[in-house]
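Structural description and commentary
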Amino acid sequence: MFIEITTPQNPLCLENTLRPYKRGEKPFSPEVARQILQSTNHKKNIYDTLQLIANLPKEEQADYKDIILSTFDHREQPADTLLLAKKLAASHNFEDELNAILTHDPMQDTENGIIYASAPNKIATVISVDKKPCPSEYPEDITLICTNDDLLFLFYDFSKVKSLRFKKGASIDIRNSWGFPETLDLPMYSKIHFYKANLSTVKTLEFKKGAEADLIECRNLPETIDLSMCDEVNLSYTDLSTVKTLKFKEGAKADLINCRNLPETLDLSMCDKVNLSYADLSTVKTLKFKEGAKADLINCPNLPETLDVSMCDNITLSKAGLSQTKTLTFKNKQQQTKSGLEIPENWQGKITYTDEQSPLSRLKSIFTR
């Protein structure tokens, strides 16, 4: 019966959602009522939801019994909401059930929002409105729902939190923290900044549409990181030894400055802009760029054994190391010159040009002999 707030929304947004139902422009339903309860415990939104139920024909009101009871299941409500619910409960003979739920009074914390108990003396969910929630102060195995637009977690142990949820569009800054839930489901259109976080407990890291993801100097990342919904990604100074697959979004910007232990196959063929400056590419066997991409590989100490940059519109290879590179492919000599590549005198590898491999180039070479 308990309905958890899983998609926190601003009360004004929910007022706009409810308006067409209050005007009779749309038919109200239990599904709509449930969505409201999953989004808020704001007193006006909840009262308006119950009033919509009260305005329905009596035979339809019975379909909302669980919704009415859930309104008070570990939730605090003002007197006018309680009075309206009691009238509905009395009208449909579930007054005793409502009274039984009301005996479990919710606990409160004025600084960290409302705390809901799933049973007497056991806390299930914390809804925090604070900019700096403190999970260490909470009991174990809770769901932490953060409703602030701007959040900061500094040196936090999340081991007591079984589920961590954020508001859509929030700015989330998590630094030097650990003990995260197995699944981190991060919201849409958010700026998510992890700095020196230990993600060893995380098995699934999910980013939603339009997110900007920073995972700077993080440790023990999951094997697969799906960044295919992120417009911008920053993995700079991160050890990627635990990562087998990185997935990027079409047109994304990816910063992998000073990264180490990158996956054997590094597919950047979806990224418009890539910065691999100072990255150690000694573990990379296959490196793919997008047609027309801008790629910086400045001061990379170990370029891959085989590297093709011919598809890049702008490639910078200043002070890049060629010690393990056997074949390096450019579009033409002009691209090589612009790249700023310095070739050591003792380098044993070879440089090829795709323009010279084209049928037209081969035909020209025949007639110019």
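These notes cover the structure that comes with them. (Residues numbered from 1 in each chain as written. Predicted model: local features only at pLDDT ≥ 70, side-chain atom pairs only at ≥ 80, totals over all residues. Heavy atoms only, no water.)

For the protein, the helix and strand inventory stands at 10 helices and 23 strands. In the protein, buried positions account for 46% of the 369 residues. Residue pairs in contact within the protein that sit at least 24 positions apart in sequence constitute 20% of those at least 6 positions apart. (Helix = DSSP H or I, 4+ residues; strand = E, 2+ residues; numbered from the N terminus. Buried < 20%, exposed > 50% of the residue type's maximum accessible area, 1.4 Å probe, protein only. Contact = heavy atoms within 4.5 Å.)

Attention now moves to the sheet that holds strand E22 (residues 327-330). On the basis of which strands lie adjacent, the open sheet formed by three strands has the order E20-E22-E23 and parallel pairing. Each end of this open sheet is capped by a strand with a single partner; those strands are strand E20 (306-308) and strand E23 (350-353). Going from strand to strand, the sheet's axes swing by 15° on average, the running direction of each strand aside. Examined bridge by bridge, E20 and E22 share three bridges and lie parallel to one another. (Pairing = 2+ DSSP bridges. Axes fitted to C-alpha atoms, helices over the stretch in contact; angles between N-to-C directions.)

Read across the open sheet, the nine strands follow the order E5-E7-E9-E11-E13-E15-E17-E19-E21; overall the sheet is parallel. Unpaired on one side and paired on the other, strand E5 (150-154) and strand E21 (314-316) mark the two borders of the sheet. Looking at each pair of strands side by side, their axes are set apart by 10° on average, direction ignored. Two elements, strand E13 (residues 230-234) and strand E15 (residues 252-255), share three bridges in a ladder whose sense is parallel. The partner of Val233 across the bridge, within E15, is Ala254.

What follows concerns helix H6 (residues 79-91). Look at H6: 18 Å from first C-alpha to last across 13 residues, which is about the 18 Å you get at 1.5 Å a residue. Count one or two residues on from H6 and you reach Asn93, which has phi positive near 65°. (Expected span 1.5 Å × (residues − 1).)

On to the pattern of salt bridges, then. Across all of its chains, the model carries 17 salt bridges by this definition. In this structure, Asp48 engages Lys44 in a salt bridge whose closest nitrogen and oxygen atoms are separated by 2.9 Å. Linking Asp48 with Lys44, this pair stays in helix H3 (residues 43-54), spanning four residues, or about one helical turn. Judged by its relative accessible area of 10%, Asp48 falls in the buried class. Overall, Lys44 belongs to the partly exposed group, its relative accessible area being 40%. Where Asp296 meets Lys294, a salt bridge forms, and the shortest distance between an N and an O atom there is 3.2 Å. On the basis of relative accessible area, Asp296 is assigned to the buried category, the value being 13%. Through salt bridges with shared partners, one network takes in Glu15, Lys22, Lys44 and Asp48. (Salt bridge = Lys/Arg side-chain N within 4 Å of Asp/Glu carboxyl O.)

The relative placement of two aromatic rings is captured by the distance of their centres and the angle of their planes. One pass over the full model with this rule turns up eight aromatic pairs. When the centroid spacing of 5.7 Å and the interplanar angle of 70° are considered together, the rings of Tyr21 and Phe28 count as edge-to-face. (Phe/Tyr/Trp six-rings, centres within 6.5 Å; stacked < 30°, edge-to-face > 60°.)

Formed by 71 residues in total, the largest nonpolar core has its most connected members in Phe194, Leu276, Phe289 and Leu297. Every residue in contact with Phe194, bar those within four places of it in the chain, is listed here: Ile174, Phe180, Leu184, Leu186, Leu199, Asp214, Leu215, Ile216 and Cys218. Listed in part, the 26 residues of the second largest apolar core include Tyr21, Leu56, Leu88 and Ile101. (Core = buried A, V, L, I, M, F, W, Y, C linked by side-chain atoms within 4.5 Å.)

With that out of the way, let us pick up the environment of Lys326. Relative to the elements of secondary structure, Lys326 occurs in the loop between E21 and E22. Given a relative accessible area of 52%, Lys326 falls into the exposed group. With 19 residues separating them in the primary sequence, Lys326 and Leu307 have C-alpha atoms 8.5 Å apart. Non-local contacts of Lys326, meaning those with residues more than four positions away in its chain, are made with Glu305, Trp347, Gly349 and Lys350.

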